[in-house]
Amino acid sequence: MNKINTILESLSSNEPEDRSVEIAQASLGGKDTIYKKINGEARNLHCVEVITVATSKQGHPYMRATWIDLDNNNEQADKTVRLENLTLA
């Protein structure tokens with residue numbers, strides 16, 4: 001099963017948030033990803049540490065994590081990304 005789908009499945013099964021964060025960290029921690037922003041721009045991000053995994057009020061699954069932006073001089077920052085717009089590189 002796709003690692004992103006594993007995270008989405010943990011959210012939809014009403015796992016405790018801590019468990020979803022553990023699953024996301026195991027699936028994406030230390031991995032390079034491609035994030036497609038809402039405006040269509042793609043960013044290459046390296047996941048350092050997952051902070052939160054949840055579903056927004058609008059029903060969109062998202063993840064807040066510490067990322068290294070590989071397209072922006074390896075800048076490290078906490079960013080929130082929609083899980084449906086994230087793929088493994």
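Residues numbered from 1 in each chain as written. Predicted model: local features only at pLDDT ≥ 70, side-chain atom pairs only at ≥ 80, totals over all residues. Heavy atoms only, no water.

Engineer: What is the right way to look at the nonpolar core in this model?
Structural biologist: Side chains of nonpolar character tend, in soluble globular proteins, to be buried together. Membership of the largest hydrophobic core comes to 18 residues, with the highest contact counts inside it found for Val53, Met63, Trp67, Leu83 and Leu86. Elements represented by at least two residues in this core include exactly helix H1 (3-12), helix H2 (17-28), strand S2 (42-55) and strand S3 (61-69). Not counting residues within four places of it along the chain, the set of residues in contact with Leu86 comprises Ile4, Leu28, Thr33, Ile34, Tyr35, Met63, Trp67 and Val81. (Core = buried A, V, L, I, M, F, W, Y, C linked by side-chain atoms within 4.5 Å. Buried < 20%, exposed > 50% of the residue type's maximum accessible area, 1.4 Å probe, protein only. Helix = DSSP H or I, 4+ residues; strand = E, 2+ residues; numbered from the N terminus. Contact = heavy atoms within 4.5 Å.)

Engineer: Got a minute to help me understand the sheet that holds strand S1 (residues 32-36) in this structure?
Structural biologist: Sheet strands associate in pairs through backbone hydrogen bonding, adopting either a parallel or an antiparallel arrangement. Reading across the sheet, the five strands line up as S4-S3-S2-S1-S5 and stay open at both edges, with antiparallel pairing between neighbours. One side of each edge strand has no neighbouring strand; the edge strands of this open sheet are strand S4 (75-82) and strand S5 (86-88). Between one strand axis and the next, the sheet turns through 45 degrees on average, direction left out of account. Contacts from H1 reach S2, S3 and S5 within the one sheet, and its direction differs from that of S2 by about 20 degrees. Sheet strands touched by H2: S1, S2, S3 and S5. Its angle to S2, the strand with the most contacts, is close to 160 degrees. (Pairing = 2+ DSSP bridges. Axes fitted to C-alpha atoms, helices over the stretch in contact; angles between N-to-C directions.)

Engineer: Would you mind going over the pairing of S2 with me for this structure?
Structural biologist: Where a strand is regular, its side chains alternate between the two sheet faces. Pairing analysis gives five bridges linking S1 to S2, with the strands arranged antiparallel. Among the inter-strand pairings, Ile34 is bridged to a residue of S2, identified as Asn44. Turn length for the S1-S2 hairpin, with the two strands adjacent in sequence and antiparallel, is five residues, and the turn residue Gly40 shows positive phi of about 95 degrees. Relative to S3, S2 runs antiparallel, the two sharing nine bridges. Bridging across to S3, Ala54 finds its partner in Tyr62. Two successive antiparallel strands, S2 and S3, enclose a turn made up of five residues, where Gly59 displays a positive phi of approximately 90 degrees.

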